[in-house]
There are 2 protein chains.
Amino acid sequence: MNAVDTLGSVGEIESLRRIVRRLPAATAAIVGPGDDGAVLSAPDGRYVVSTDLLIHGPDFRLAWSAPFDLGWKAAASNLADIAAMGATPTGLVVALAAPLDTPVDFLEGIADGLREACAALSPGSGVVGGDLSASDTLTIAVTVFGDLEGDRPVLRSGARVGDVVAVAGDLGCAAAGLKLLFAEAVDSEGIPDRARFEQVESRRRDLLAAQLRPAPPIAAGRVAARSGAHAMLDISDGLLLDASRIADASGVRIDLGTAFLAGDVHRIVGEAPELADSSLDLVLSGGEDHSLLAVFPAGTLPDGFRIVGRVLVGDGVTVDGADPRDARAGWDPFDDWNGATG
Amino acid sequence: MNAVDTLGSVGEIESLRRIVRRLPAATAAIVGPGDDGAVLSAPDGRYVVSTDLLIHGPDFRLAWSAPFDLGWKAAASNLADIAAMGATPTGLVVALAAPLDTPVDFLEGIADGLREACAALSPGSGVVGGDLSASDTLTIAVTVFGDLEGDRPVLRSGARVGDVVAVAGDLGCAAAGLKLLFAEAVDSEGIPDRARFEQVESRRRDLLAAQLRPAPPIAAGRVAARSGAHAMLDISDGLLLDASRIADASGVRIDLGTAFLAGDVHRIVGEAPELADSSLDLVLSGGEDHSLLAVFPAGTLPDGFRIVGRVLVGDGVTVDGADPRDARAGWDPFDDWNGATG
């Protein structure tokens, strides 16, 4: 007897039916899920598009991420890309591929996470379509759309000498959470372990949440655009690496000030004192916070942003005026994942 | 020594660089690839969106599909969803996940197929963004956008009693090709085999091409919309099953006439005489042609469409007025795929 309904046992159509009813509706949807395509409104005659994959192995371990977390993170990381263009997210399409023995309630958990992330981070956004397939590797492919509301898109290339560099959201917390997971939520052979995870979770709630259910400040993207941000992106690969992308695209140097980052360092050390030695590295190089890094004209700093540096003549990124020890130490999605573990 | 550059050996950024330069630009792109998101134009204030996965195993076998074919099919099947809404495809985002040992020139082949399919099937459409990740399972996730050019979207729900039912494109050819592949392009243990495939290919060129590089009539979607089509979809799961979707959504019966399908049957038998016994089944139930099934007011039949049936009072689908032997015999993506084979 098969006690648990799985993707393979109930099939694609019934699984989809159970998932779709849990998904959030999008205010911008003229035609929602159920036809060959959805139709969305684009009031100003343009729309922003971005896409991102979440893949079992390089992007998450099932011992650490509940299905809800996967849906949440898939939505959050994609919504942040729209925010980073200065737009308001409107709709998402979600293509889900999972092994046939995946319980349907696992898929429902992903849908719940998508719904709650949209509601919490970007009210009014919703899922307008998707696809469900069998795959040996659990894969969540999200494409997200956004509305510029009449403003220009904020690219990476607009930073100018004299501008201030600012951040909205966490720095280093997601990477600190991942470091704690690899240090403490593994068994004696270093393999991700659910029981150990549960022991760790109660003591490390904020840092683990930053890794597993990041909450980037989505609305700050429009705020930045309206305030005349010259450049912006979301920090997925670490402050240094992502700042260098703005510097390279804009033909300028970005100098980050560690004095501006003291609060970020303290936040990590407050929850995990043993990370004191690596805390500044985590703040400078840790990825996956999906915070917004924006460049504003001097004298402009909208609510929600705090200064972390300034734009100078030159190229690349400096920290307190000097070369960072390793400006390339960002998040590498191809890190040593082994299909047999986690 | 590593003689072949792979995704793992050259890394994500260099692989992406090599891929992106092979991709087609989109006329509708205001901001193309390279930032957090792309910006597309939506001249009439709306846009159509659809998404689809192509996954190693359920959707293709590497013994049979060259990388070019995978890119081509991913584009073609997605473009058809936009056509089926009555829209012109404008842009695609492509998220690609592949094992680390995948040669970069394999990924370049996928990009070539995407480019050539866009150019051949929907000139002006192009790739506006994407993502590249490591995965144990080769996965191509495409999301596609389209422009309704001021017309209403053509849904599944608009068929009315008295309308004619028409098709643009092949029927059954893709399924006939797949049947030939499973019969002839396998080794003595039934496992997909490249050498056997090459022997088969020269004799079965058209039917195999219909399966591996389908060429749905994308422009016919806008033609149908302009001609006032009441309902439309693309035939991905077989004529019977997809016709039943229009019938169910519209609250009508669709009666298909086998006399209208004689040409489709002859086309299959002409290339593969041994399929004579199953040829009508293939035409009625074979999936993956991605042809357009549309319903028009009587007296309206735009260029490129041919009548296959009519809309009557009732529900479901009949063939020559009678119940089809098995109206559910469509393409099942969860068919017996075994990760160890093919």
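Residues numbered from 1 in each chain as written. Chains lettered and ligands numbered in written order. Predicted model: local features only at pLDDT ≥ 70, side-chain atom pairs only at ≥ 80, totals over all residues. Heavy atoms only, no water.

Going by what an unreviewed UniProt entry lists, chain A is known as Thiamine-monophosphate kinase and is assigned to Amnibacterium flavum. Under the UniProt heading Catalytic activity (unreviewed entry), the note attached to chain A is "thiamine phosphate + ATP = thiamine diphosphate + ADP". (UniProt positions renumbered as here; feature names shortened; annotations may be inferred.)

Can you help me understand the overall build of chain A in this one?
From N to C terminus, chain A includes 10 helices and 12 strands. A compact globule built from 342 residues should have a C-alpha radius of gyration of about 20 Å, and chain A, at 20 Å, falls within 12% of that. Taken along its principal axes, the extent of the C-alpha atoms in chain A is 70 × 55 × 30 Å. Looking at chain A as a whole, 61% of its 342 residues qualify as buried. Sequence separation of at least 24 residues holds for 86% of the intrachain contacts in chain A that already meet a minimum separation of 6. Carbon and sulfur atoms make up 51% of the accessible area of chain A, which amounts to about 12,500 Å² in all. (Helix = DSSP H or I, 4+ residues; strand = E, 2+ residues; numbered from the N terminus. Rg over C-alpha atoms; globule rule 2.2 N^0.38 Å. Buried < 20%, exposed > 50% of the residue type's maximum accessible area, 1.4 Å probe, protein only. Contact = heavy atoms within 4.5 Å. Areas by Shrake-Rupley, 256 points an atom, 1.4 Å probe, with all protein chains shown as cover.)

Just to check I follow, could you spell out the interface of chain B and chain A for this structure?
It is common to give the size of an interface as the accessible area that goes away when the parts come together. Residue-level contacts link 60 residues of chain B with 60 residues of chain A. Across the chain B/chain A interface, buried area totals approximately 4,500 Å², and carbon plus sulfur atoms make up 60% of it. The tally of links between chain B and chain A comes to 4 salt bridges. With its nearest N and O atoms 3.6 Å apart, the salt bridge here joins Arg156 of chain A to Asp35 of chain B. Summed over the shared surface of chain B and chain A, the result is 18 residue pairs in polar contact (both at pLDDT 80 or more). Within the residue set of the side of chain B that touches chain A, elements represented by two or more residues are helix H1 (7-20), strand E1 (29-31), strand E2 (38-41), strand E3 (46-55), strand E4 (88-98), strand E5 (126-134), strand E6 (139-147) and strand E8 (231-235) of chain B. Broken down by element, the residue count for the side of chain B that touches chain A peaks at 9 residues, all from E3 of chain B. By residue class, the composition of the side of chain B that touches chain A is 34 nonpolar, 15 polar and 11 charged. (Buried area = accessible area lost by both parts, 1.4 Å probe. Salt bridge = Lys/Arg side-chain N within 4 Å of Asp/Glu carboxyl O. Polar contact = N/O pair within 3.5 Å; in protein donor to acceptor, adjacent residues only side chain to side chain. Nonpolar A, V, L, I, M, F, W, Y, C, P; charged D, E, K, R; others polar.)

Teacher, can you tell me more about the UniProt feature "binding site: substrate" (unreviewed entry) in chain A here?
Residues and elements named next belong to chain A. Under the present numbering, the feature "binding site: substrate" (unreviewed entry) in UniProt falls on Asp59, Glu288 and Trp331. When you line up the elements, Asp59 lands in the loop between strand E3 (46-55) and helix H2 (67-83). Residue class for Asp59 comes out buried when judged on its relative accessible area of 16%. When neighbours within four sequence positions are excluded, Asp59 is seen to be in contact with Leu53 and Leu54. Within the local environment of Asp59, its side chain forms a polar contact with the backbone nitrogen of Ile55, the two atoms lying 2.9 Å apart. By the element assignment, Glu288 lies in the loop between helix H10 (279-285) and strand E10 (291-296). The buried category is assigned to Glu288, whose relative accessible area is 8%. In this structure the side chain of Glu288 is engaged in a polar contact, spanning 3.3 Å, whose partner is the side chain of Gln211.

Hey, could you run me through the domain arrangement of chain A in this one?
All names here are of chain A. Split into domains, chain A comes out as domain 1 (11-147) and domain 2 (164-319). On the domain 2 side, the residues contacting the 24 residues of domain 1 number 25 residues. A buried area of about 2,000 Å², summed over both sides, lies between domain 1 and domain 2, and 63% of it is on carbon and sulfur atoms. Summed over the shared surface of domain 1 and domain 2, the result is 2 salt bridges. (Domains from an automatic or database assignment.)

It is not clear to me how the relation of the copies chain B and chain A should be interpreted in this structure. Could you clarify?
What connects the two chain copies is a rotation about an axis and a shift along it. Overlay of chain B on chain A (RMSD 0.0 Å): rotation 180°, translation along the axis 0.0 Å. Each copy turns onto its partner about a two-fold axis. Measuring from the rotation axis to each C-alpha of chain B, the shortest distance belongs to Gly45 of chain B, at 2.4 Å. Taken together, the interface assignments show that 100% of the residues at the interface of chain B recur at the interface of chain A, consistent with an identical surface on both copies. (Least-squares fit on C-alpha atoms with pLDDT ≥ 70 in both.)

Mind showing me how you'd approach a nonpolar patch on the surface here?
A surface patch of nonpolar side chains, about 240 Å² in accessible area, is lined by Phe260, Leu301 and Ile307 of chain B. Within the secondary structure, Ile307 of chain B sits in strand E11 (residues 306-312). (Patch = residues over 30% accessible without salt bridge, like charges linked within 9 Å, V, L, I, M, F, W, Y side chains within 5 Å.)

How do you make sense of the packing of aromatic side chains when you look at a structure like this?
The way to describe two aromatic rings as a pair is by their centre distance and the angle between their planes. Inspection of every chain in the model, using the stated rule, returns 10 aromatic pairs over all chains. Ring centres of Trp64 of chain B and Phe182 of chain B lie 5.0 Å apart, and the angle between their planes is 85°; on these two criteria the pair is classed as edge-to-face. Separated by 118 residues along the polypeptide, Trp64 of chain B in the loop between E3 and helix H2 (67-83) and Phe182 of chain B in helix H4 (residues 173-184) bring together distant segments of the chain. Members of the aromatic cluster, joined through ring pairs, are Tyr47 and Phe145 of chain A together with Tyr47 and Phe145 of chain B. (Phe/Tyr/Trp six-rings, centres within 6.5 Å; stacked < 30°, edge-to-face > 60°.)

I'm lost on the sheet that holds strand E12 (residues 316-319) of chain B in this one. Help?
The pairing of strands in a sheet happens through backbone hydrogen bonds and is either parallel or antiparallel. Residue and element names in this part refer to chain B. In space, the 6 strands of this open sheet follow the order E8-E10-E7-E11-E9-E12, with mixed pairing throughout. Either end of the sheet is taken by a strand with one partner, and the two such strands are E8 and E12. The sheet shows a mean angle of 25° between the axes of neighbouring strands, taken without regard to direction. Here H2 sits on the sheet in contact with E8 and strand E10 (291-296), set at roughly 175° to E8. Lying over the sheet, helix H8 (residues 239-250) contacts strand E7 (164-168), E8, strand E9 (253-256), E10 and E12, oriented at roughly 155° with respect to E8. (Pairing = 2+ DSSP bridges. Axes fitted to C-alpha atoms, helices over the stretch in contact; angles between N-to-C directions.)

Teacher, can you tell me more about the UniProt feature "binding site: Mg(2+) 2" (unreviewed entry) in chain A here?
Residues annotated by UniProt as "binding site: Mg(2+) 2" (unreviewed entry) correspond here to Asp52 and Asp81 of chain A. Across 30 residues in sequence, these annotated residues keep their C-alpha atoms within 9.2 Å of one another, forming a single compact spot. In this structure, Asp52 of chain A sits in strand E3. Residue contacts for Asp52 of chain A: discarding those within four places in its chain leaves Ser77, Asn78, Asp81, Ile140, Ala141 and Val142 of chain A together with Asp131 of chain B.

Teacher, can you tell me more about unusual backbone geometry here?
The phi torsion of most residues other than glycine is negative, and most of the peptide bonds are trans. Even without being a glycine, Asp320 of chain A presents a positive backbone phi close to 50°. Structurally, Asp320 of chain A is set in the segment after strand E12 (316-319). In this structure Asp320 of chain A comes out as partly exposed when scored by relative accessible area, which is 48%. Residues other than glycine seldom take positive phi values, yet Glu288 of chain B does so here, at roughly 75°.

Is there a simple way to think about the environment of Asp131 of chain B in this case?
Within the fold, Asp131 of chain B resides in strand E5. Along the sequence, Asp131 of chain B and Ala95 of chain B sit 36 residues apart, while their C-alpha atoms lie 4.4 Å from each other. Apart from the residues within four sequence positions on either side, Asp131 of chain B is in contact with Thr51, Asp52 and Leu53 of chain A together with Glu12, Val94, Ala95 and Leu96 of chain B.

Is there a simple way to think about helix H9 (residues 262-271) of chain B in this case?
Each turn of an α-helix holds 3.6 residues, which means side chains three or four residues apart point in the same direction. All names here are of chain B. Restricting attention to buried positions, one finds in H9 the residues Asp264, Val265, Ile268 and Glu271. The buried residues of H9 occupy one face: seen down the axis, they fall within an arc of 145°. Exposed residues pointing more than 90 degrees away from the buried face of H9 are listed as Gly263, His266 and Gly270. Looking at the buried positions of H9, the neighbouring elements they touch are H4, helix H5 (194-203), helix H6 (205-212), helix H10 (279-285) and E11. (Arc of directions from axis to C-beta.)

Would you mind going over the packing of H5 of chain B against H6 of chain B with me for this structure?
The angle between the axes and the distance between the axes are what describe a pair of packed helices. Residues and elements named next belong to chain B. For the pair H5 and H6, interaxial distance at closest approach is 6 Å and the crossing angle is 115°. Note on element contacts: H6 touches H5 through Arg205, Leu208 and Leu212, opposite Phe197, Val200, Glu201, Ser202 and Arg203. The class makeup of the residues in the contact of H5 with H6 is 4 nonpolar, 1 polar and 3 charged.

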